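In case you want the letters, here they are:
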Amino acid sequence: MKVLLFVKNSPNAISTAEALEKFLENKKIQVEFFVNEPGKKPREGDYALTLVVGGDGTFLAGARFSAVRNIPIMGVNEGKFGFLTEIDRDEAFEYVEKALDGKLKPQKRMLICAFVDGKLVGHYLNDVVLSKLNLARMVEVEVFAQDEFMVRVYGDGVIISTPTGSTAYALSAGGPIIHPTMEALLFVPICPHTLSNRPMLIPPDFRIKLISNMPTFLTLDGQEGIEVNPRQEVWVEKSPFYCTLYTHPHRSFFYILREKLKWGR
């Protein structure tokens, strides 16, 4: 058995990961120790688990690597927010052991994939954002669902989010909270100039197409990005892959909403 330790490049995260590495090796489990840095990826391997030590940004990077390889993932919080990295350091040893022994039940989370002019860009757990390229200038985005014209957005851009990503950028832009085990595409206009533009849930088997007459920027999970030329087509649809995620066994999604987002306070 082999575990991938996917670690934030910070002293606290590395210290926690080293303790977990020693714990796993004492149980005769092989460990691949990877410190997450831009432009780098872990070595390929037959991993039973990706154990992310860090914050939500590190988790998203680990999920992009793991989901397309069908590797389950668990997050240990050594970041600022810890919405996706649900496990605390002091309980990580117990829950990692239970996950590897098959005593925890994972969740399946929907991913989305993005294409530019028909070429696959990647698979993402949170969101795909098409936004303005120039500072303080409004962008015009034509939005199609299943090749049917849906709406023209004048504003800062458009977010297409998964249910998992509904509590990230989409929430800040006025979108609804969606339970992460659901399957749907969430369309959220960013600062629309037309007040009638509103967020909308779209069936998961739909393909959304975005076209702008202006240069735009495509941001993926808030961590990757590419420039998009005028009239290039951006497609977003449900990915064939899922993120298999071990959540905290004693904290529900609603508990995390109350604690992390101060929901209802």
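None of these values were measured; they are calculated from a predicted model.

Of all hydrophobic cores here, the largest spans 25 residues; its most connected members are Val128, Val143, Val158, Phe187, Leu210, Leu218 and Val234. Each residue touching Leu218, except ones within four places of it in the same chain, is listed here: Val116, Val128, Val129, Leu130, Glu224, Gly225, Ile226, Val228 and Val234. With 23 residues, the next largest nonpolar core counts Ala17, Ile29, Leu51 and Met74 among its residues.

Attention shifts here to the layout of surface pockets. Quantified by volume, the largest pocket comes out at close to 490 Å³. Forming the boundary of the largest pocket are 21 residues, of which Lys41, Ala61, Arg64, Phe65 and Glu224 lie nearest the centre. If one sorts the elements of the lining of the largest pocket by residue count, helix 2 (residues 56-67) sits on top with five residues. Of the residues contributing to the lining of the largest pocket, the split by class is eight nonpolar, seven polar and six charged. Empty space within the second largest pocket amounts to approximately 180 Å³. Around the second largest pocket, the lining residues are Asp56, Gly57, Leu60, Phe81, Gly82, Phe83, Leu84, Asn126, Thr164, Thr167, Ala168 and Gln223. Taken together, the residues of the lining of the second largest pocket sort by class into five nonpolar, six polar and one charged.

Attention shifts here to empty space enclosed by the protein. Within the structure shown, the criterion is met by one cavity of 30 Å³ or more. Its boundaries defined by the atoms lining it, the largest cavity holds a volume of some 50 Å³. As for the largest cavity, its lining consists of Lys132, Leu133, Asn134, Arg137, Val139, Met214 and Pro215. Its residues placed into classes, the lining of the largest cavity shows four nonpolar, one polar and two charged.

Where helix 1 (residues 11-26) contacts helix 3 (residues 89-100), the axes come no closer than 11 Å and their chain directions differ by 40°. The angle between helix 1 and helix 3 places the two elements in the oblique class. By crossing handedness, the relation of helix 1 to helix 3 is classed as right-handed. Of helix 3, the residues touching helix 1 (which contributes Ser15, Thr16, Ala19, Leu20, Phe23 and Leu24) are Arg89, Ala92, Phe93, Val96, Glu97 and Leu100. The residue inventory of the contact of helix 1 with helix 3, partitioned by class, reads eight nonpolar, two polar and two charged.

A few words on unusual backbone geometry. Of note in this structure, Asn70 is not a glycine but carries a positive phi near 60°. Locating Asn70 in the fold gives a position in the loop between helix 2 and strand 4 (73-77).

Analysis parameters
- Residues numbered from 1 in each chain as written.
- Predicted model: local features only at pLDDT ≥ 70, side-chain atom pairs only at ≥ 80, totals over all residues.
- Heavy atoms only, no water.
- Core = buried A, V, L, I, M, F, W, Y, C linked by side-chain atoms within 4.5 Å.
- Buried < 20%, exposed > 50% of the residue type's maximum accessible area, 1.4 Å probe, protein only.
- Contact = heavy atoms within 4.5 Å.
- 1 Å grid on protein atoms, 1.4 Å probe; cavity = no way out; pocket = protein on both sides within 12 Å on 5 of 7 lines; lining within 4 Å.
- Points joined across faces, edges and corners; volume = space filled by probe spheres on them.
- Helix = DSSP H or I, 4+ residues; strand = E, 2+ residues; numbered from the N terminus.
- Nonpolar A, V, L, I, M, F, W, Y, C, P; charged D, E, K, R; others polar.
- Axes fitted to C-alpha atoms, helices over the stretch in contact; angles between N-to-C directions.
- Parallel < 35°, antiparallel > 145°, perpendicular 65-115°, else oblique.
- Left-handed = near helix turned anticlockwise from the far one by under 90°.

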